[in-house]
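For reference, the chains in residue letters:
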Amino acid sequence: MGLDKFLRLPFYLTLIETMALIPCKECGTLNSEHAEICLSCEFPIKGRPKTHLQRGLAFGLALMLGLPLAFYAITLIKSSLQLHLTPSQEKNIP
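Residues at a pLDDT of 70 or more form 65% of the protein chain, whose mean pLDDT is 78. Per-element mean pLDDT across the protein chain ranges from 54 in helix 1 (residues 4–7) up to 90 in strand 2 (residues 30–32).

Right, dumping it as structure tokens:
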């Protein structure tokens, strides 16, 4: 019998896989990285991916609110600039 047989680990110790623990965003309890919900408060850890419909609605809402606000800001800036110009400078503005 060689010495290497005594130095080998048992099979059940070689199969151990390390598992990372991540804190829950809601309660802070440590959960497995493979868990889908917190075992303490049942808050979803990974969340659900957004569907194409949700992404499209968010994009459309951003356009509907963002574009009018941008145009309003541009007109405000343009009108404030015109208040400070002389009549000869106003002729050069398109």
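More follows now that the structure is in view.
On the surface, a cluster of nonpolar side chains totalling about 530 Å² of accessible area is made up of Phe 59, Leu 63, Leu 67, Phe 71 and Ile 74. Examined against the element boundaries, Leu 63 turns out to sit in helix 3 (residues 52–83).

In this fold, Ser 32 is placed in strand 2. The class for Ser 32 is buried, based on a relative accessible area of 19%. A polar side-chain atom of Ser 32 sits 3.0 Å from the main-chain amide nitrogen of His 34. In this structure Ser 32 touches Met 19, Ala 20, Leu 21 and Ile 22, once residues within four positions along its chain are discounted.

Rules behind the numbers
Residues numbered from 1 in each chain as written. Predicted model: local features only at pLDDT ≥ 70, side-chain atom pairs only at ≥ 80, totals over all residues. Heavy atoms only, no water. pLDDT = per-residue confidence, 0-100. Helix = DSSP H or I, 4+ residues; strand = E, 2+ residues; numbered from the N terminus. Patch = residues over 30% accessible without salt bridge, like charges linked within 9 Å, V, L, I, M, F, W, Y side chains within 5 Å. Areas by Shrake-Rupley, 256 points an atom, 1.4 Å probe, with all protein chains shown as cover. Salt bridge = Lys/Arg side-chain N within 4 Å of Asp/Glu carboxyl O. Buried < 20%, exposed > 50% of the residue type's maximum accessible area, 1.4 Å probe, protein only. Polar contact = N/O pair within 3.5 Å; in protein donor to acceptor, adjacent residues only side chain to side chain. Contact = heavy atoms within 4.5 Å.

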